[in-house]
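Architecture and fold: a report
Here is how the chains run, residue by residue.
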Amino acid sequence: MDNLILLFVSGQAVIIAPLIASALLFLLALATPKKQQGKLAWVGATAVFLTGIATFFAEPVSNSFFLFDPLSKVFTFILAVIAPLVIVYSAKYIEVKEQKRYFSIIYFFIFSMFLLVMANNLILFFIAWELVSIASFMLISFEYRERKAVFAANKCFALTQLGGLLVLAGVALLSSGNMFSISSLVAISGSIPVSIALPAALLIAVGALSKSSIYPFNWLADAMKAPTPVSALLHSATMVNAGMFILFKFSPLFSRFSEVSMLIIALAFLSMIYAGVSALVERDFKRVLAFSTILNLGYVAATLMLFTPEATAAALFHLVNHAFFKAGLFLAAGIIILKSGDHLLDDLGGAAMMMGKSKYALLFLIFAASSLPITNTFLSKWAVYSIWLQKMPLALPIIAAGTMIPLVYYSKIINVLFYPKNFKKKKLSKSLTVPLAIITGFCLLFGVSLVGYNLLVAPVVPVQLAFPFDVTLVLLFASLLLGFALSAVKKTRIDSTGPFTGGEKLQPAAQTMFFFGKDKQFIKKISGFIDIDRVYWILMKFFYYAFRAVNWLEGLFEEKTGAAIAGTIAVVFVIFFTGVF
């Protein structure tokens, strides 16, 4: 109790302000009548923003429960800016009858992510990790009457739970039951014996990759069954960023072993190729954006594994930039889907016309996703190219492909959404357009200046990121020009009623979306050697038979005996957690 009082008196309690705010908002959302949820959204957005920003400018804190360092500040800032905008946006996006359930889960999700990036105790950290998974499960399955949404939520939950168990095993191996401070573990990671550190590093790395949907843990595209505002949060401020947070947090441990770094680089490159090619033949607008997220996270993970201060800075800078432009793209996609009632590109020819002036925000965000000049990602890609040219030039073709391929499918998306003009302008609520405009402003600000880098990245890695006017810039522009050239390739070998179009003739604008030949067999050959759906099926069968086994064991004991055993187990857990804390 004395320590708790000292924590508040010393002013360190400011770091738990967003935790308290989101927890109270969760309870308030449950108690507020459905008709008042829209007003609560504005109150909640303001509370999350103010507490998050106040926390961001707070002094660093380190104790046995919380660690609020410059890295935590980066993720706190992203969440404090994007989450309130998504909340305001959702007030007009989600139907009134569903708002009560929706907002309560959203605030729970925000609470879980804040707790994750601030936790220093291993048990507290793992609890936060699991809470993020539970919240994402509830949001992905929000439309629970739709079978595919429930399947997607189950798949995401099973794969991320597998990753969570791997992370738990890794940190348990590192701590050996004697140390529960993450900062202390990271500090001594260089002195931990190889026989313990290597398997622990592998377990933590694979677990982190599963959270970010890095190949072969491909759950993110299926998760697009969630409402579009949820997708904006999943891809920018919460779920996938949790995995990247682990990679950054434990990078000193990974840097000891080339086996671990090369495994992560290999999986990251494989993810980039898989996601890029999948996006080229995808017809669902949101799934294209999901594959784009996987590709960009592959960029971040691979660059981080080069383990130089410049590489870490470039990776973190690109992660920040990706968070903002991807959140904006999903908000823009949500407007189109809401007003058109469709999400297939086949039926969205000229749909951007419905957005009025907001269509220029959509266009700029597509430019940012394509890494064009004056956008934020152009700067981070420039830095990334420079790092790879210095450290591993043989990998530049894959890095360049990661720039060219998005430009191809985003060019096709522009062709679909802006031509022909089949849709007319529709009246849009300020709750939909203002968040989109603010996020677009951040992408422009971080692209024409180094404000984003100096504010967020430089405190984490105090190095001056290089933007050399040499062959690096030539390679980047060559990648962009080649991407433009590929995007101009006409669809000449594919019938508009081909096998993967479902036999339906596509609109002329949508026909140009498809870049490859007769069908999706090329994609299947890339991803088929690890059938992730089969892995998911095996996991679900394992859980099913595990529950059956538990029920069978319960039947072997009388009611009193079973109660005695359960009580004993409960006492053991209480003693264990008491010892931990």
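Residues numbered from 1 in each chain as written. Predicted model: local features only at pLDDT ≥ 70, side-chain atom pairs only at ≥ 80, totals over all residues. Heavy atoms only, no water.

1. Looking at the layout of surface pockets
Its volume calculated, the largest pocket comes out at about 910 Å³. Around the largest pocket, the lining comprises 26 residues; the ones closest to its centre are E146, M224, K225, A226 and H343. Of all the elements in the fold, those that place two or more residues in the lining of the largest pocket are α5 (96-118), α7 (147-175), α14 (285-304) and α15 (309-340). Ranked by residue count, the leading element in the lining of the largest pocket is α7, at 3 residues. Residues of the lining of the largest pocket, tallied by class, amount to 12 nonpolar, 2 polar and 12 charged. (1 Å grid on protein atoms, 1.4 Å probe; cavity = no way out; pocket = protein on both sides within 12 Å on 5 of 7 lines; lining within 4 Å. Points joined across faces, edges and corners; volume = space filled by probe spheres on them. Helix = DSSP H or I, 4+ residues; strand = E, 2+ residues; numbered from the N terminus. Nonpolar A, V, L, I, M, F, W, Y, C, P; charged D, E, K, R; others polar.)

2. Notes on the side chain of T377
Of note, T377 is situated in helix α17 (residues 376-391). T377 has contacts with H318, N321, F325, A368, A369 and S371, leaving out every residue within four places of it along the chain. (Contact = heavy atoms within 4.5 Å.)

3. Some details on the packing of helix α4 (residues 70-93) against α15
Describing two packed helices takes the angle between their axes plus the distance from one axis to the other. Packing of α4 against α15 leaves a shortest axis separation of 11 Å and a crossing angle of 5°. Viewed along their axes, α4 and α15 adopt a mutual orientation that is roughly parallel. Along the contact surface, α4 presents L71, V74, F75, F77, I78, V81, I82, Y89, K92 and Y93, while α15 presents L316, L319, V320, A323, F324, A327, F330, L331, G334, I335, I337 and L338. For the contact of α4 with α15, the per-class residue count stands at 20 nonpolar, 1 polar and 1 charged. (Axes fitted to C-alpha atoms, helices over the stretch in contact; angles between N-to-C directions. Parallel < 35°, antiparallel > 145°, perpendicular 65-115°, else oblique.)

4. Structural notes on the packing of aromatic side chains
The final tally for this structure, using the stated rule, is 22 aromatic pairs. On the numbers, 6.5 Å between centres and 55° between planes, the contact of F77 with F324 is tilted. Remark: F324 occurs in helix α15 and F77 occurs in helix α4; sequence separation between them is 247 residues. A relative accessible area of 0% means that F324 is categorised as buried. Between F324 and F446 the ring centres are 5.6 Å apart and the planes differ by 85°, which places this aromatic pair in the edge-to-face class. (Phe/Tyr/Trp six-rings, centres within 6.5 Å; stacked < 30°, edge-to-face > 60°. Buried < 20%, exposed > 50% of the residue type's maximum accessible area, 1.4 Å probe, protein only.)

5. A word on the nonpolar core
Membership of the largest hydrophobic core comes to 202 residues, with the highest contact counts inside it found for F250, F324, L362, W388 and L417. With 20 residues, the single largest contributor to this core is α15. When residues no more than four places from it in sequence are discounted, the contact partners of L362 are L329, A332, I336, A352, M355, L417 and F418. (Core = buried A, V, L, I, M, F, W, Y, C linked by side-chain atoms within 4.5 Å.)

6. Describing the side chain of Q161
Here Q161 is to be found in helix α7. Beyond its immediate sequence surroundings of up to four residues, Q161 is in contact with E130 and S133.

7. What to know about unusual backbone geometry
Here the phi dihedral of S371 falls at roughly 65°; this positive angle occurs in a residue that is not glycine. Along the chain, S371 falls in the loop between α16 (358-369) and α17. According to the relative accessible area criterion, S371 is buried, its value standing at 1%. Even without a glycine there, the phi angle at I374 is positive, about 70°.

8. Remarks on helix α18 (residues 396-418)
Its 23 residues place the ends of α18 33 Å apart at the C-alpha level, agreeing with the 33 Å of an ideal helix rising 1.5 Å per residue. Within α18, 19 of the 23 residues are buried, which leaves it mostly tucked inside the rest of the structure. (Expected span 1.5 Å × (residues − 1).)

9. Considering a nonpolar patch on the surface
Nonpolar side chains collect at one region of the surface, where I20, L24, L27 and L30 lie side by side and expose about 380 Å² of accessible area between them. Tracing the backbone through its elements, the reader meets L27 in helix α2 (residues 17-31). (Patch = residues over 30% accessible without salt bridge, like charges linked within 9 Å, V, L, I, M, F, W, Y side chains within 5 Å. Areas by Shrake-Rupley, 256 points an atom, 1.4 Å probe, with all protein chains shown as cover. Salt bridge = Lys/Arg side-chain N within 4 Å of Asp/Glu carboxyl O.)

10. Quick look at the confidence of the model for the protein
Confidence in the prediction for the protein averages 78 pLDDT; 80% of positions are at 70 or higher. In this model residues 490-523 is a low-confidence stretch, pLDDT under 50, and it forms 72 contacts with partners more than four residues away in sequence or in other chains. Predicted confidence for residues 526-531 stays below pLDDT 50, and this span has 9 contacts to residues more than four positions away or in other chains. (pLDDT = per-residue confidence, 0-100.)

11. A few points about the environment of T55
Position of T55 among the secondary structure elements: in helix α3 (residues 37-56). A sequence separation of 38 residues divides T55 from A17, and the C-alpha atoms of the two residues are 7.1 Å apart.

12. A closer look at the packing of helix α13 (residues 258-280) against α18
Running from amino to carboxyl end, α13 crosses α18 at an angle of 20°, the nearest separation of the two axes being 9 Å. In terms of axis orientation, α13 runs roughly parallel to α18. The handedness of the crossing between α13 and α18 comes out as left-handed. Contacts from F269, M272, G276, V277, A279 and L280 in α13 reach I398, I399, G402, I405, V408 and Y409 in α18. (Left-handed = near helix turned anticlockwise from the far one by under 90°.)

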